[in-house]
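Coordinate analysis (summary)
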Amino acid sequence: EGFSLSLLDPSGTEVDKQSIGFMQPDHSRGRKTDGNSEWVIFAVPTPDTANSASPWYTSYAGNALFNLNAGFYAGTQSISLSSPPGGVIRYTINGSIPTAASPLFSVPLSIDSSVVIRARMFSTNLSILPGPVITNTYFINENISLPVISLCTDSLNLWDDTTGIYAMGPYADTVSPYMGANFWNDWERSGHTEYFDKYDKQGFELDCALKIHGNASRSLPQKSFRVLANDDYQMPWINYRLFPDKNIDKFRNFNIRNAGIDWNTCHLR
């Protein structure tokens, strides 16, 4: 969200002050070049190196806007995307973060089955960084009477042999519990989660971290996830009463369990 940063001399006199505005994760703000009066954003920070070693940007593009909120719908829906002037929108439907190479939105998307759409505005001004990724899950013709959690992440974060937290990977033992497999590593991947209550109303959404959770149950075909709020993803807390019968209104993380060794027999207690 940003803050004010002051530099004081030993007597407490303010020597310099800068208002640090919103920044996306892993970006930095600094002088355009060393000693320059203009402050800019660096998508690649330059610790211990001159700022001139990294390209600079003046600001971020705006938000991509959906015509329909995430949620449950009956029948085919038409999804339109819009943005402030001066940019274009790119989108994905495979869970990956939109890049400059992703499909360009030009005509409404007709969806007749459940899908996750991620969209992002890209400015036509090369000195402006892409805007935030907006993620919406649309459930089409799903008749559900229980709360629903939607998890979205790039497929490479789950299934790739090298980077996938759900995958066996190249170093797994050939027998259970498959020690050395990717899912035994304490790896964390970025994702997005949306929570809908039993009345189909969205309770919360946030960019988050995803990890595989559990001990021996990690070796089972269906694994548990841990969903973590994290300052790195701009949301340090999940501000929602996940369990109505408990007086707890915010969480650092929660687990989506596979029921442990009962994974294929009993899914709740």
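The preceding data block contains the structure.
Now for a quick tour of the structure.

Taken in spatial order, the 3 strands line up as 3-4-5 in an open sheet, and their pairing is antiparallel. The outermost strands of the open sheet, each flanked by one partner alone, are strand 3 (28-31) and strand 5 (56-57). In this structure, strand 3 lies alongside strand 4 (residues 39-42), joined through 4 bridges in antiparallel fashion. What sits directly across from Arg 29, in strand 4, is Ile 41.

A separate point is a negative patch on the surface. Negative charge collects at one region of the surface, where Asp 26, Glu 188, Asp 231 and Asp 232 lie side by side. Within the secondary structure, Glu 188 sits in the loop between helix 1 (156-159) and strand 17 (189-196). Judged by relative accessible area, which is 32%, Glu 188 ranks as partly exposed.

Within the largest apolar cluster, 15 residues are counted, with the highest numbers of intra-cluster contacts made by Phe 66, Ile 79, Leu 81, Ile 117, Ala 119 and Tyr 138. Those elements giving two or more residues to this core turn out to be strand 11 (87-92), strand 12 (109-111), strand 13 (115-123) and strand 15 (134-140). With 3 residues, the top contributor of residues to this core is strand 13. Leaving out residues up to four positions away in the same chain, Leu 81 has contacts with Leu 65, Phe 66, Ile 89, Tyr 91, Phe 105 and Ala 119. If you look at the next biggest cluster of nonpolar residues, it comprises 11 residues, including Phe 204, Ala 229, Ile 238 and Phe 251.

Quick notes on the rules
- Residues numbered from 1 in each chain as written.
- Predicted model: local features only at pLDDT ≥ 70, side-chain atom pairs only at ≥ 80, totals over all residues.
- Heavy atoms only, no water.
- Pairing = 2+ DSSP bridges.
- Helix = DSSP H or I, 4+ residues; strand = E, 2+ residues; numbered from the N terminus.
- Patch = residues over 30% accessible without salt bridge, like charges linked within 9 Å, V, L, I, M, F, W, Y side chains within 5 Å.
- Areas by Shrake-Rupley, 256 points an atom, 1.4 Å probe, with all protein chains shown as cover.
- Salt bridge = Lys/Arg side-chain N within 4 Å of Asp/Glu carboxyl O.
- Lys, Arg positive; Asp, Glu negative; His and termini not counted.
- Charge placed at Lys NZ, Arg CZ, Asp CG, Glu CD.
- Buried < 20%, exposed > 50% of the residue type's maximum accessible area, 1.4 Å probe, protein only.
- Core = buried A, V, L, I, M, F, W, Y, C linked by side-chain atoms within 4.5 Å.
- Contact = heavy atoms within 4.5 Å.

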